[in-house]
Amino acid sequence: GASAERIVAIQMLTAIGDEPSRRALVSALDDRHNLVQRAAINALRKLLEDKEPMEPTSIFDQINEVDRLKQVAGGR
């Protein structure tokens, strides 16, 4: 339901790709749904680092990637 709508919003923000969209994507890293969070991770990996999507891994790896991307985004 709502998580699917948030994932579509992440896709739209990724397509826009400007600075306000990036800030919104950083906020989405804190989403309570892991699939929404992963979509935000992959969007920021693409926009900030031109990296491939994150391979499905453990929730602990996902948490570490969230922390890492927050640092990357904060350094911009």
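Structure: see above.
The numbering scheme is per chain: residues are counted from 1 as the chain's sequence reads. Thresholds applied to this predicted model are a pLDDT of at least 70 for local features of residues and 80 or more for the giving and counting of side-chain atom pairs; totals over whole chains, interfaces and linings are not thresholded and use all residues. Water and hydrogen atoms play no part in the side-chain values, which are based on all heavy atoms of the structure.

Undergrad: Hey, could you run me through the overall build of the protein chain in this one?
TA: Here a helix means four or more residues in a row that DSSP labels H or I, a strand means two or more in a row labelled E, and each is numbered from the N terminus. For the protein chain, the count of helices and strands is four helices and zero strands. The order of helices and strands in the protein chain, counted from the N terminus, is α-α-α-α. Only C-alpha atoms enter the radius of gyration; for comparison, a globular chain is expected to reach 2.2 Å times N to the power 0.38, where N is the number of residues. A compact globule built from 76 residues would reach a C-alpha radius of gyration of about 11 Å, and the protein chain, at 11 Å, matches this within 12%. The C-alpha extent of the protein chain, read off along each of the three principal axes, is 30 × 25 × 20 Å. Counting the 76 residues in the protein chain, one finds 32% classified as buried. Buried, partly exposed and exposed residues are distinguished by accessible area as a fraction of the type maximum, computed with a 1.4 Å probe on protein chains only: under 20%, between the cut-offs, and over 50%, respectively.

Undergrad: I'm lost on the environment of Gly75 in this one. Help?
TA: Counting through the fold element by element, Gly75 comes out in the segment after helix 4 (59-74). You can call Gly75 exposed: its relative accessible area is 65%. Distance in space between the C-alpha atoms of Gly75 and Val8 is 27 Å, their sequence separation being 67 residues.

Remember, this is a structural readout, not a statement about activity or role.
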